[in-house]
Amino acid sequence: MTGKILNYYAGGNTARGFHNLFESNLNGLERLFILKGGPGTGKSTLMKAIGKKWNDEGYDVEYIHCASDNGSIDGVILRDLKVGIVDGTSPHVIEPKAPGAIEEYVNLGVAWDSNQLAEHKIEILQLSEEISADFQTAYSIFHEALLVHDEWEKIYIENMDYNKANELTDELMHKFFSKKQNTQGDVYHRFLGAATPLGAKDFVPNLTEGLKERYFIKGRPGSGKSTMLKKLAANAEASGYDVEIYHCGFDPNSLDMVIVRELGFAIFDSTAPHEYFPERSGDSIVDMYAKTITPGTDEKYTAELKVISWRYSEKMKEAISFLAEAKRKHDELEKYYVGAMDFNKIDEIQKSLNAEIEKRAAARQK
């Protein structure tokens, strides 16, 4: 019997640059292997293979996906065994807290032919510089999109009834957290989705699978969705529950989802680009527009909203195009490393890591 799989992002290409949320997801691990090596050295393939092996053996597996490469992962966690493996190369550099005792660096560079790579030094440096420039351009354009989004929000903020928003939040807090626990829960910060070379992507169906209740927040920019979620997240933590806090992949200062698995619920911003609708028992809509915004606001500002929406969409498309260009160049860069690698050595490293995990599994069963 295979274990469960949880898919999420812990790094994001955002309007505030690359944003890293790895730390809280690595807390509590007793063994963390940090992979070092260039592009194309097999880090993602190695982690996927180890994740699959232990998932097939019945263990729950968490896959941390890469926002800059839709086919790659940045980490794999076997939380029951308190062990994880992560890509520790830029931009998600992992700083060890107890080197050797908890964290262990794994150098995949032992498998490459340095002389062969040196023959392509100029091309490697050129591509690396261009990739970095493409990412910086994407982040700059995302920030421009955020300023347009602020204009969008302003219309609804000026037409919002804050008392009604607070009343709705209080109702939900009472419904969810009528009972408190005398414990300190674990808090995990993640991204609901990510801006990727293939556009906006998310794992909402996977993340909410098996939960009894799902609350789909509908509304407009500036209608109080993130503020509500921040209050609910704080209340969940204060009540002693484990809580998964999912940040917005566009603006990490905003929240898009809160999950409390002990209570069996998820509540999330269910508007574009992560728009979903109720489809099963236990699903319900929380309509922030209907409950908190002055009736007729959409109609009153139709012309302005149409222009703002178009400007925002164009900026997002432009930024995504630079992520796609960075990915194209990264694929070129990988080719130099793939051609210089002895993947038999990577297989040996994979076997060694599996052997260490097997020791932990055996010790746990005693």
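Residue numbers run consecutively from 1 along every chain, following the written order of its sequence. pLDDT decides what is reported in this predicted model: residues at 70 or higher carry local features, side-chain atom pairs at 80 or more are listed and counted, and totals for whole chains, interfaces and linings draw on all residues regardless. Based on all heavy atoms of the structure, the side-chain values leave hydrogens and waters out of the count.

**Regarding the packing of helix H4 (residues 121–157) against helix H10 (residues 302–338)**
Turning to step 1, where the next piece is worked out: Here H4 crosses H10 at 165°, and the two axes come no closer than 8 Å. For the element pair H4 / H10, the angle class is roughly antiparallel. The chirality of how H4 crosses H10 is left-handed.
Turning to step 2, where the next piece is worked out: Charged residues are taken to be Asp, Glu, Lys and Arg, nonpolar residues to be Ala, Val, Leu, Ile, Met, Phe, Trp, Tyr, Cys and Pro, and polar residues to be all remaining types, Gly included. Among the residues making up the contact of H4 with H10, the classes are represented as 24 nonpolar, five polar and twelve charged. In this analysis an axis means a line fitted to C-alpha atoms, helices contributing only their contacting stretch, and an angle means the value between N-to-C directions, from 0 to 180 degrees. Helix and strand definitions here come from DSSP, where helices need a minimum of 4 consecutive H or I residues and strands a minimum of 2 consecutive E residues; each element is numbered from the N-terminal end. Roughly parallel means an angle under 35 degrees; roughly antiparallel means over 145; roughly perpendicular covers 65 to 115; every other angle is labelled oblique. What makes a crossing left-handed is the near helix being turned counterclockwise from the far one by less than a right angle; a clockwise turn instead makes it right-handed.

**With respect to the pairing of strand E11 (residues 199–202)**
Turning to step 1, where the next piece is worked out: The pairing of strand E10 (residues 193–196) with E11 spans four bridges and is antiparallel. The residue of E11 that forms the bridge with Thr196 is Gly199.
Turning to step 2, where the next piece is worked out: Counting the residues that bridge the hairpin from E10 to E11 gives two residues. Any two strands between which DSSP finds at least two bridges are classified as paired.

**Section: the nonpolar core**
Turning to step 1, where the next piece is worked out: Nine residue types can take part in a nonpolar core, namely buried Ala, Val, Leu, Ile, Met, Phe, Trp, Tyr and Cys, and a core is a set of them joined through side-chain atoms within 4.5 Å. Under the scheme applied here, a residue whose accessible area is under 20% of the maximum for its type counts as buried, over 50% as exposed, and between as partly exposed, the area being computed with a 1.4 Å probe on protein chains only. In terms of nonpolar packing, the biggest core is built from 35 residues, with Phe142, Phe250, Tyr312 and Leu323 touching the most fellow members.
Turning to step 2, where the next piece is worked out: Secondary-structure elements contributing two or more residues to this core are H4 and H10.
Turning to step 3, where the next piece is worked out: Sort the elements by how many residues they give to this core and H4 lands first, with 14 residues.
Turning to step 4, where the next piece is worked out: Leave out the neighbours within four places in its chain, and Leu323 touches Asn13, Phe135, Ala138, Phe142, Ala195, Thr196 and Pro197.
Turning to step 5, where the next piece is worked out: Core analysis: the second largest hydrophobic core is formed by 28 residues, Tyr8, Phe191, Leu207 and Tyr246 among them. Should any heavy atoms of two residues lie within 4.5 Å, those residues are counted as being in contact.

**Observations concerning the domain arrangement of the protein**
Turning to step 1, where the next piece is worked out: An automatic or database domain assignment is the source of the domain bounds shown. By domain assignment, the protein separates into domain 1 (5–112 + 342–365) and domain 2 (160–293).
Turning to step 2, where the next piece is worked out: The straight-line distance from the C-alpha centre of domain 1 to that of domain 2 is 28 Å.
Turning to step 3, where the next piece is worked out: With 23 residues of domain 1 at the interface, the matching set in domain 2 holds 23 residues.
Turning to step 4, where the next piece is worked out: Here the quantity called buried area is the total loss of accessible area, with a 1.4 Å probe, experienced by two parts when brought into contact, counted for both. In total, about 2,000 Å² of surface goes out of reach between domain 1 and domain 2, with carbon and sulfur atoms giving 59% of it.
Turning to step 5, where the next piece is worked out: The working definition used for a salt bridge is a side-chain nitrogen of Lys or Arg within 4 Å of a carboxyl oxygen of Asp or Glu. Across the domain 1-domain 2 interface, the total number found is two salt bridges.

**Here's the deal with the pairing of strand E12 (residues 213–218)**
Turning to step 1, where the next piece is worked out: Of all six residues in E12, five are buried; the element is thus mostly enclosed.
Turning to step 2, where the next piece is worked out: Sheet topology places E12 next to strand E15 (residues 265–269); five bridges connect them, and they run parallel. Opposite Phe216, over in E15, you have Phe268 as the bridge partner.
Turning to step 3, where the next piece is worked out: Here E12 runs beside strand E16 (residues 283–287); their pairing, made up of five bridges, is parallel.

**Observations concerning the state of the cysteines**
Turning to step 1, where the next piece is worked out: Any cysteine sulfur atom paired with another within 2.5 Å is treated as part of a disulfide. Evaluation of the coordinates by the stated rule reveals zero disulfides.
Turning to step 2, where the next piece is worked out: Here Cys66 is not disulfide-linked; the sulfur of Cys248 is the nearest cysteine sulfur, at 18 Å.
Turning to step 3, where the next piece is worked out: Residue Cys248 is classed as buried on the basis of its relative accessible area of 13%.

**Section: the pattern of salt bridges**
Turning to step 1, where the next piece is worked out: Going through the model one piece at a time under the given rule, you end up with 30 salt bridges.
Turning to step 2, where the next piece is worked out: Linking Lys329 and Glu130 is a salt bridge whose minimum nitrogen-to-oxygen distance equals 3.5 Å. Of this pair, Lys329 sits in helix H10 while Glu130 sits in helix H4, placing them 199 residues apart in sequence.
Turning to step 3, where the next piece is worked out: Residue Lys329 is classed as buried on the basis of its relative accessible area of 11%.

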